[in-house]
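Letter by letter, the chains look like this.
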Amino acid sequence: MSAAAVEPGTQLPDLPLPPISRATLALFAGASGDHNPIHIDLDFARAAGQDDVFAHGMLSMAYLGRLLTDLVPVGAIRSYTVRFAAITPVHAEVTCRGTVASVETVDGERRARLQLEARLADGTVTVRGEAVVAVQQ
Amino acid sequence: MVIDESVIGRELPSFTVELERGRVRLFAEVIGDDNPVFTDLDAARAAGHPDLPVPPTFLFGFVLEGAKSTQWLDDLGIDLGNVLHAEQSFTYHDTAHAGDVLVYRPRIADTFEKKGGALRFVVREISVTREDGSPVVDLRDSIAVVRPAPADAR
């Protein structure tokens, strides 16, 4: 999809992700720096009252970020904010979705405001977010 | 220690990070991003970058890295097992690339309770700059502490 084509209401292509494995959680811990054991150590998770480890919220935020960099160059992202609404269990299948909420010109730059969400297969919304990206005229 | 509004404004230890090319590649691969600009130096340079640019959320992870990263929670009497990431925000000023050396300066920006004290939120703001002070990104993260210990138990 061309960034120049975005208009309010434009739906970005859905991004379906493969099931999140324990290996992915371990690799993401190392790659991201988020070493919180609740995501990679079952003993720690159980001691904290969880049934199992669960995915880093930042993994879902990184997946949603792919919607942004599929649309515009990484340097065109002005801001990106999310709220984590629910835990993403290990093995979950996440789908990322984005919609163009508005397009406006700020400081001579055409900017799109995107509404973003990550969902589980059962429809649970795990992450809601918003990003502002510069799009070419 | 009781967490209350008196912690707002507290500066936490700053730290410096050198961005490694291999780490940028691994991050992109783990999140399944096949955009070659994040993994292939030639593709990055063809797109006008001096080195591999970092994916949009890459710079936050360093805040959580290593044993010292949770010292501030220990200091507030917060058990890491009771912490959930509630919100995360990035405001971008400049693109960071592999090879960059960045300075992180965190401070506690806010704290408040919700659900009658069942949840305690702590918000940090972290300015990330180059060594010359020029801004790269402003981070804002909010954590929710579940089951905060009652004040009389501390």
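Residues numbered from 1 in each chain as written. Chains lettered and ligands numbered in written order. Predicted model: local features only at pLDDT ≥ 70, side-chain atom pairs only at ≥ 80, totals over all residues. Heavy atoms only, no water.

Taking an unreviewed UniProt entry as the reference, chain B is identified by name as MaoC family dehydratase belonging to Geodermatophilus sabuli.

The name given to chain A in an unreviewed UniProt entry is Dehydratase, with the source organism recorded as Geodermatophilus sabuli. As its UniProt record puts it under Sequence similarities (unreviewed entry), chain A is described as follows: "Belongs to the enoyl-CoA hydratase/isomerase family." (UniProt positions renumbered as here; feature names shortened; annotations may be inferred.)

Contacts between the two partners involve 34 residues from chain A, matched on the other side by 34 residues from chain B. Of the roughly 2,800 Å² buried between chain A and chain B, counting both surfaces, carbon and sulfur atoms make up 62%. Summed over the three residues of chain A that lose the most area to chain B, namely Ala-31, Met-58 and Val-74 of chain A, the buried surface amounts to 19% of that side. Applying the counting criterion to the chain A and chain B interface returns one salt bridge. Elements with a contribution of two residues or more to the side of chain A that touches chain B: α1 (22–32), α3 (57–71) and β2 (77–84) of chain A. Residue composition of the side of chain A that touches chain B, by class: 19 nonpolar, eleven polar and four charged. As judged from the five bridges shared by β2 of chain A and strand β2 (residues 83–92) of chain B, these two strands associate in the antiparallel manner. From the neighbouring strand, Arg-83 of chain A faces β2 of chain B, where its bridge partner is Glu-87 of chain B. (Contact = heavy atoms within 4.5 Å. Buried area = accessible area lost by both parts, 1.4 Å probe. Salt bridge = Lys/Arg side-chain N within 4 Å of Asp/Glu carboxyl O. Helix = DSSP H or I, 4+ residues; strand = E, 2+ residues; numbered from the N terminus. Nonpolar A, V, L, I, M, F, W, Y, C, P; charged D, E, K, R; others polar. Pairing = 2+ DSSP bridges.)

Glancing now at the sheet that holds strand β3 (residues 101–114) of chain B. If you walk across this open sheet you meet the ten strands as β1(A)-β3(A)-β4(A)-β5(A)-β2(A)-β2(B)-β5(B)-β4(B)-β3(B)-β1(B), and the pairing is antiparallel. Either end of the sheet is taken by a strand with one partner, and the two such strands are β1 (15–16) of chain A together with β1 (15–18) of chain B. Sheet topology note: the β2 of chain A/strand β5 (residues 125–134) of chain A ladder contains seven bridges and is antiparallel. Bridge assignment links Ser-79 of chain A to a residue of β5 of chain A, and that residue is Val-132 of chain A.

We now examine the pairing of strand β4 (residues 119–130) of chain B. The side chains of a regular strand alternate, residue by residue, between the two faces of the sheet. Residues and elements named next belong to chain B. In terms of burial, β4 is largely enclosed, as ten of its twelve residues are buried. The sheet contact formed by β3 and β4 spans twelve bridges and is antiparallel. Opposite Asp-110, over in β4, you have Val-123 as the bridge partner. Here β3 hands over to β4 after four residues, with Lys-115 in that stretch at a positive phi of 55 degrees. As paired strands, β4 and strand β5 (residues 135–146) are joined by eleven bridges and run antiparallel to one another. Within the sheet, the bridge partner assigned to Arg-124 lies in β5 and is Asp-141. Adjacent in sequence and paired antiparallel, β4 and β5 are bridged by four residues, among which Gly-133 carries a positive phi angle near 90 degrees. (Buried < 20%, exposed > 50% of the residue type's maximum accessible area, 1.4 Å probe, protein only.)

A grouping of Glu-18, Glu-20, Glu-131 and Asp-132 of chain B is seen on the molecular surface, where their side chains present a negatively charged patch. In this structure, Glu-20 of chain B sits in the loop between β1 and α1 (21–30). (Patch = residues over 30% accessible without salt bridge, like charges linked within 9 Å, V, L, I, M, F, W, Y side chains within 5 Å. Areas by Shrake-Rupley, 256 points an atom, 1.4 Å probe, with all protein chains shown as cover. Lys, Arg positive; Asp, Glu negative; His and termini not counted. Charge placed at Lys NZ, Arg CZ, Asp CG, Glu CD.)

Attention shifts here to the nonpolar core. In terms of nonpolar packing, the biggest core is built from 74 residues, with Tyr-80, Leu-114 and Val-133 of chain A together with Leu-19, Leu-59, Tyr-104 and Leu-139 of chain B touching the most fellow members. Ranked by the residues each element gives to this core, the list is headed by α3 of chain A, at nine residues. Setting aside residues no more than four positions away along its own chain, Leu-19 of chain B makes contact with Val-54, Phe-58, Leu-59, Phe-62, Ala-96, His-97, Ala-98, Gly-99, Asp-100 and Leu-102 of chain B. Ile-3, Val-7, Trp-72 and Ile-78 of chain B belong to the second-largest nonpolar core, a separate cluster that totals twelve residues. (Core = buried A, V, L, I, M, F, W, Y, C linked by side-chain atoms within 4.5 Å.)

So, about the UniProt feature "domain: FAS1-like dehydratase" (unreviewed entry) in chain B. Those places that UniProt annotates as "domain: FAS1-like dehydratase" (unreviewed entry) correspond, in this numbering, to residues 6–138 of chain B. Helix makes up 16% of residues 6–138 of chain B and strand 33%, and the two end C-alpha atoms of the span are 23 Å apart.

Below, the discussion takes up the pattern of salt bridges. Taken as a whole and judged by the stated rule, the model has 17 salt bridges over all chains. Linking Glu-109 of chain A and Arg-111 of chain A is a salt bridge whose minimum nitrogen-to-oxygen distance equals 2.6 Å. Using a relative accessible area of 21% as the deciding quantity, one classes Glu-109 of chain A as partly exposed. Asp-141 of chain B is the partner of Arg-124 of chain B in a salt bridge, and the nearest nitrogen-oxygen pair spans 3.3 Å. Taken together, the positions of Arg-124 of chain B in strand β4 and Asp-141 of chain B in strand β5 put the pair 17 residues apart, joining distant regions of the chain. Through salt bridges with shared partners, a single network forms among Arg-78, Glu-109 and Arg-111 of chain A.

This part is about the UniProt feature "domain: MaoC-like" (unreviewed entry) in chain A. According to UniProt, the "domain: MaoC-like" (unreviewed entry) feature falls on residues 19–108 of chain A. Here residues 19–108 of chain A runs as 36% helix and 22% strand, with 42 Å between its end C-alpha atoms.

Relative to the assigned elements, Tyr-63 of chain A resides in helix α3. A relative accessible area of 4% places Tyr-63 of chain A in the buried class. For the pair Tyr-63 of chain A and Pro-16 of chain A, spaced 47 residues apart in sequence, the C-alpha to C-alpha distance is 9.5 Å. The contacts of Tyr-63 of chain A, once residues within four sequence positions are left out, are Leu-15, Leu-17, Ile-20, Thr-24 and Cys-96 of chain A together with Ile-31 of chain B.

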